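Okay, here's what each chain looks like letter by letter:
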Amino acid sequence: MTSQTVSDNHVIQIHYSLHLGDSEVIDSSREREPLVYLHGASNIVPGLERQITDKAVGEKFSAVVPAAEGYGETDGATPQPVDRNNFPEGVELDAGMAFQAEGPDGEDLTLWIHEVQDDQVFVATHHPLAGKDLHFDIEVIGIRAATEDEVAHGHPHGPDGDQVH
Ligand code: ZN
């Protein structure tokens, strides 16, 4: 039996936790289901994808991802408040979510949510973790070959590949 390692066109399950260098965890999958993603399809930040490559199920490791290979550099703009009414109803808004908007000259603009305060949503054109070096603790939970559909769609169809969308 050959042991499987992480490579392109495989659906990977990982547990992760994230801190910014001070060990204070700001995000973790540990209390949830593992994160499921399609390797080689830019589902996760490039520096993390690169460092998971060739790892095996059960491996635990730390990965430091510089900002340039994470969420990019910050453009320095202060997040601006937008009325909650401008966002779709019934969608839970959270820091790190992205929305497409129209810029002043009609151009497409990606706006990232930085903070939600009551009926005010603070957005900016950079990700809230832009400019930050990301410190991940990773455990590889599962590896399986992706289906043709998953490869064509560029995302996994759930842990077992049966959640078609
Ligand atoms: Zn799909």
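This one's a predicted model, so the numbers in the text were calculated from it and none came from an experiment.

Visitor: Looking at this structure, how should I read the overall build of the protein chain?
Guide: Tallying secondary structure elements over the protein chain gives two helices and nine strands in all. Each helix and strand of the protein chain, ordered N terminal to C terminal, gives the series β-β-β-α-β-β-β-β-β-β-α. Along the longest, intermediate and shortest principal axes, the C-alpha atoms of the protein chain span 55 × 40 × 30 Å. Among the 165 residues that make up the protein chain, the fraction classed as buried is 35%.

Visitor: Please clarify how the nonpolar core should be interpreted in this entry.
Guide: Here is a general trend for soluble globular proteins: nonpolar side chains tend to be buried in one another's company. One finds Ile-14, Leu-48, Ile-52, Phe-136 and Ile-138 to be the most contacted residues of the largest nonpolar core, which totals 19 residues. For this core, the elements supplying multiple residues, two or more each, are strand 1 (10-19), helix 1 (46-52), strand 4 (60-65) and strand 9 (134-145). When residues of this core are assigned to their parent elements, the largest contribution, five residues, is made by strand 9. Ile-14 has contacts with Ser-29, Pro-34, Leu-35, Tyr-37, Ile-52, Ile-138, Glu-139, Val-140 and Ile-141, leaving out every residue within four places of it along the chain. Counting residues in hydrophobic clusters, the runner-up holds six residues, among them Leu-93, Phe-99, Ile-113 and Val-123.

Rules of the game
Residues numbered from 1 in each chain as written. Predicted model: local features only at pLDDT ≥ 70, side-chain atom pairs only at ≥ 80, totals over all residues. Heavy atoms only, no water. Helix = DSSP H or I, 4+ residues; strand = E, 2+ residues; numbered from the N terminus. Buried < 20%, exposed > 50% of the residue type's maximum accessible area, 1.4 Å probe, protein only. Core = buried A, V, L, I, M, F, W, Y, C linked by side-chain atoms within 4.5 Å. Contact = heavy atoms within 4.5 Å.

Everything listed here is a matter of geometry and, on its own, says nothing about what the molecule does.
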